[in-house]
Amino acid sequence: MTDASKLSPTAPAPGLRQLFSGMLMVALSAFGGGLSAWSQRIIVEQRRWMSNEEFLTGLTVARLFPGPNQINMAVYVGTFFRGLPGALAALAGMLLVPFTLLMGVGLLYFEFHTLPALDRVLAGVVAAAAGMALSMGFKILDQYWKDPMALLLAAVTFVLMTFFHVRLVPLVLVAGPLAMAWYWPRPSHTRPTAGAPR
Amino acid sequence: MPPLLLAAAAEAASCTPMRLNDLGHLLQVMGTFLGLSLFSLGGGNTLLTEYHHLSVEQYCWLRPSQFADIYALAEAAPGPSSMIVGLLGMGAGWPEGPGWALLTAYGAEIAILLPSTLLMVVACLSWNRLRDSPWRVAFERGLGPITLGILFAVGVKILKTADTNAAGVVVSLLVCVLMLRTRISPLWFMAVAGGLGAFGLINR
């Protein structure tokens, strides 16, 4: 234990209103991006609600479970102190401003998207956004590079969805349990690695 | 007419927009998103092909180009990109006027977030027991590769939906590489590409 982690959780547990305002601050600070860095700075360093270790556990849980990571993180922080009501308060704080803003943008879009000038600009923006979408898979590819089974599973999933138009829900319901069975932790051996006999 | 084209024409003709002018349809939309919520793996982006299928092919709320626009808007806007569901709901309700569009937008967003939020609350409260469970380990390791495959399928789907000219595809590929190799904010890529679109270099 470092000094910092001993010192950090000094503040009393936040109430519902503080959870709301804290997450509102996180959402406002992160307007340029870097949401998880901002939530760490505000929750751990400024408000001292949690130790860094507790925060990192939250990130792990948020990534593991279904749902958007940042939203799950807000739910974690809220639940940590006030259970379900806390989760809803934190979620409301996190979403209020961005969602209201997006609704405004959406109304403008549906009202004006037929204007040729706007459509031309959007054609360009869409090309950039497609590039961002394309990068998502490559971003996490590295961690599976040495696991042939993982690459095979990913390839089969990709082919089924792209060329055979298999829908997401049946795919996950069939492939998920099979993959879980393959990766079920075996006590005697280490996890399957490249070239290791099964 | 070749059979493939005929089939495509028949599909397009059968796809009449689902009107959301009564509460029953709104609840149906919410039910659809409620059912999808727990399949949002890997941060939620895995659902994009499913959103595309529902809003463009099944219910015909949006034309393909509109879906691409909405994806771009949700990516450009600050906050979690999963808020795209609010925009899908808005598109669904738009024919009934802005008020109803906002109602469906909020309904859709709440529906997509509710189940995963409840599961997350349960997970947080029982994390100490879950942490060392073999189920957790198998879930994490097993679903990871599947998520990887889905994300690649999503990338290809969005690229196809964007349906820009050759210059646009080159920009898409360039942005993909820059996203992986640099830490430049994606907003810059969107701004520059938007400029290229305004001058007619990228079109669709």
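Enquirer: Would you explain a nonpolar patch on the surface in this entry?
Expert: On the surface, Leu84 and Leu88 of chain A together with Leu34, Tyr106, Ile110, Leu114 and Leu118 of chain B cluster together into a nonpolar patch covering about 590 Å² of accessible area. Of all the secondary structure elements, the ones that give two or more residues to the nonpolar patch are α5 (69-112) of chain A together with α6 (98-125) of chain B. The element best represented in the nonpolar patch is α6 of chain B, accounting for four residues. Examined against the element boundaries, Tyr106 of chain B turns out to sit in helix α6. Residue Tyr106 of chain B is classed as partly exposed on the basis of its relative accessible area, which comes to 38%.

Enquirer: Hey, could you run me through the environment of Ala128 of chain A in this one?
Expert: By the element assignment, Ala128 of chain A lies in helix α6 (residues 116-141). Considered as a pair, Ala128 of chain A and Val169 of chain A are 41 residues apart in the sequence and their alpha carbons are 28 Å apart. Apart from the residues within four sequence positions on either side, Ala128 of chain A is in contact with Val175, Phe189, Met190 and Ala193 of chain B.

Enquirer: It is not clear to me how helix α4 (residues 52-64) of chain A should be interpreted in this structure. Could you clarify?
Expert: With 13 residues, α4 of chain A extends 19 Å from end C-alpha to end C-alpha; this agrees with the ideal 18 Å at 1.5 Å per step. Along α4 of chain A, the residues classified as buried are Phe55, Gly58, Leu59, Val61, Ala62 and Leu64 of chain A. Elements in contact with the buried residues of α4 of chain A: α3 (35-46) and α5 of chain A together with α6, α7 (127-130) and α8 (134-162) of chain B.

Enquirer: Help me understand the packing of helix α7 (residues 148-163) of chain A against α8 of chain B in this model?
Expert: In a packed pair of helices, the relevant descriptors are the angle between the two axes and the axis-to-axis distance. Following both chains from N to C, one finds α7 of chain A and α8 of chain B inclined at 35 degrees, their axes separated by 7 Å at the closest point. Here α7 of chain A runs over α8 of chain B; the crossing is right-handed. Judged by residue contacts, Ala150, Leu153, Ala154, Thr157, Phe158, Met161 and Thr162 of chain A of α7 of chain A engage Pro145, Ile146, Leu148, Gly149, Ile150, Phe152, Ala153, Val156 and Lys160 of chain B from α8 of chain B. Broken down by class, the residue content of the contact of α7 of chain A with α8 of chain B amounts to twelve nonpolar, three polar and one charged.

Enquirer: Please explain the pattern of salt bridges as it appears in this structure.
Expert: It is possible for side chains of opposite charge to pair when their charged atoms get near one another. By the definition in use, this model includes five salt bridges over all chains. Salt-bridge contacts for Asp69 of chain B lead to Arg204 of chain B; the nearest nitrogen and oxygen are separated by 3.0 Å. Placement of the pair is Asp69 of chain B in helix α4 (residues 64-76) and Arg204 of chain B in the segment after α10 (186-198), with a sequence separation of 135 residues. On the basis of relative accessible area, Asp69 of chain B is assigned to the buried category, the value being 2%. A salt bridge links Arg136 of chain B to Glu140 of chain B, with the nearest nitrogen and oxygen atoms 2.4 Å apart. One end of the pair is Arg136 of chain B and the other is Glu140 of chain B, both in helix α8 and four residues apart, which spans about a single turn. Using a relative accessible area of 18% as the deciding quantity, one classes Arg136 of chain B as buried. For Glu140 of chain B, a relative accessible area of 39% puts it in the partly exposed group. A network of salt bridges, in which partner residues are shared, links Asp119 of chain A together with Asp69 and Arg204 of chain B.

Enquirer: What is the right way to look at the interface of chain B and chain A in this model?
Expert: By convention, interface size is frequently given as the accessible area that disappears when the constituent parts associate. Taken together, the contact between chain B and chain A spans 101 residues of the former and 79 residues of the latter. Carbon and sulfur atoms supply 81% of the area that chain B and chain A bury against each other, a total of about 8300 Å² over both sides. Contact with chain A buries surface across chain B, with Phe39, Met120 and Arg141 of chain B losing the most and accounting together for 8% of the total. Linking chain B with chain A are two salt bridges. Put simply, Glu50 of chain B and Arg167 of chain A hold a salt bridge, and the shortest N to O gap is 2.6 Å.

Enquirer: In this structure, what is going on with the environment of Leu160 of chain A? I would like to understand it.
Expert: All names here are of chain A. As for its placement among the helices and strands, Leu160 is situated in helix α7. Leu160 sits in the partly exposed class, given a relative accessible area of 30%. The residues contacting Leu160, other than those within four sequence positions of it, are His165, Val166 and Leu171.

Enquirer: How should unusual backbone geometry be read in this particular structure?
Expert: Apart from glycine, the bulk of residues carry a negative phi angle, and the bulk of peptide bonds sit in the trans form. Residues and elements named next belong to chain A. In this structure, His165 takes a positive phi of about 55 degrees despite not being glycine. Relative to the helices and strands, His165 is located in the loop between α7 and α8 (168-182). Taking relative accessible area as the criterion, His165 reaches 56% and is therefore assigned exposed.

Enquirer: Please explain the side chain of His52 of chain B as it appears in this structure.
Expert: Relative to the helices and strands, His52 of chain B is located in helix α3 (residues 48-58). Setting aside residues no more than four positions away along its own chain, His52 of chain B makes contact with Glu57, Phe67, Lys157 and Thr161 of chain B.

Parameters at a glance
Residues numbered from 1 in each chain as written. Chains lettered and ligands numbered in written order. Predicted model: local features only at pLDDT ≥ 70, side-chain atom pairs only at ≥ 80, totals over all residues. Heavy atoms only, no water. Patch = residues over 30% accessible without salt bridge, like charges linked within 9 Å, V, L, I, M, F, W, Y side chains within 5 Å. Areas by Shrake-Rupley, 256 points an atom, 1.4 Å probe, with all protein chains shown as cover. Salt bridge = Lys/Arg side-chain N within 4 Å of Asp/Glu carboxyl O. Helix = DSSP H or I, 4+ residues; strand = E, 2+ residues; numbered from the N terminus. Buried < 20%, exposed > 50% of the residue type's maximum accessible area, 1.4 Å probe, protein only. Contact = heavy atoms within 4.5 Å. Expected span 1.5 Å × (residues − 1). Axes fitted to C-alpha atoms, helices over the stretch in contact; angles between N-to-C directions. Left-handed = near helix turned anticlockwise from the far one by under 90°. Nonpolar A, V, L, I, M, F, W, Y, C, P; charged D, E, K, R; others polar. Buried area = accessible area lost by both parts, 1.4 Å probe.

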